[in-house]
Amino acid sequence: QVQLVESGGGLVQAGGSLRLSCVVSGNIVSINAMAWYHQAPGKQRELVARITSSGSANYAGSVKGRFTISRDNAKNTVYLLMNSLKPEDTAVYYCNLNGLPSGSYRYMDYWGQGTQVTVSS
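All values reported here derive from a predicted model rather than from experimental measurement.

(A) Quick look at the packing of aromatic side chains. This structure, assessed with the given rule, holds one aromatic pair. With centroids separated by 4.9 Å and ring planes inclined at 65°, the aromatic side chains of Tyr37 and Trp111 adopt a geometry described as edge-to-face. Here Tyr37, found in strand 4 (residues 28-39), pairs with Trp111, found in strand 10 (residues 108-111); they are 74 residues apart in sequence, far enough to count as distant. One cation-aromatic arrangement involves Arg45 over Tyr94; the distance from NZ or CZ to the ring centre is 3.6 Å. Over the face of the ring belonging to Trp111 we find Arg45, whose NZ or CZ atom lies 4.8 Å from the ring centre.

(B) Layout of the sheet that holds strand 3 (residues 18-25). If you trace the four strands from one edge of the open sheet to the other, you get 1-3-8-7, paired in antiparallel fashion. Two strands lie at the open edges of the sheet, namely strand 1 (3-7) and strand 7 (67-72), each paired on one side alone. With direction set aside, neighbouring strand axes in the sheet form an average angle of 15°. The sheet contact formed by strand 3 and strand 8 (residues 77-82) spans six bridges and is antiparallel. Of the residues in strand 8, the one forming a bridge with Cys22 is Val78.

Calculation notes
- Residues numbered from 1 in each chain as written.
- Predicted model: local features only at pLDDT ≥ 70, side-chain atom pairs only at ≥ 80, totals over all residues.
- Heavy atoms only, no water.
- Phe/Tyr/Trp six-rings, centres within 6.5 Å; stacked < 30°, edge-to-face > 60°.
- Helix = DSSP H or I, 4+ residues; strand = E, 2+ residues; numbered from the N terminus.
- Lys NZ or Arg CZ within 6 Å of the ring centre and 35° of its normal.
- Pairing = 2+ DSSP bridges.
- Axes fitted to C-alpha atoms, helices over the stretch in contact; angles between N-to-C directions.

Structural data, given as structure tokens:
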């Protein structure tokens, strides 16, 4: 059973910062990539940032230059550092992992439960 547990969300004023964490547990043989998505009320879930196993990262245009995704393989953790937050960043943030579970030869997607980020103006 693979589990992703996010933390670090909360309420912050515009211009402030938050760091989200996502800890992975369970039998994953190989991780292709990890990512953060967000979903605002009434909107579709959107990719915010993604980092591959080699450390290559890409970002949504709306967060480029403000957010940084990173990973600590030793701790099985991926982070999202969010600076210069804007009210439009308000959403539930979800951690995503694309990996190969033990005993399988198909890569699968796993999701965390989400953490709320609210940015006040």
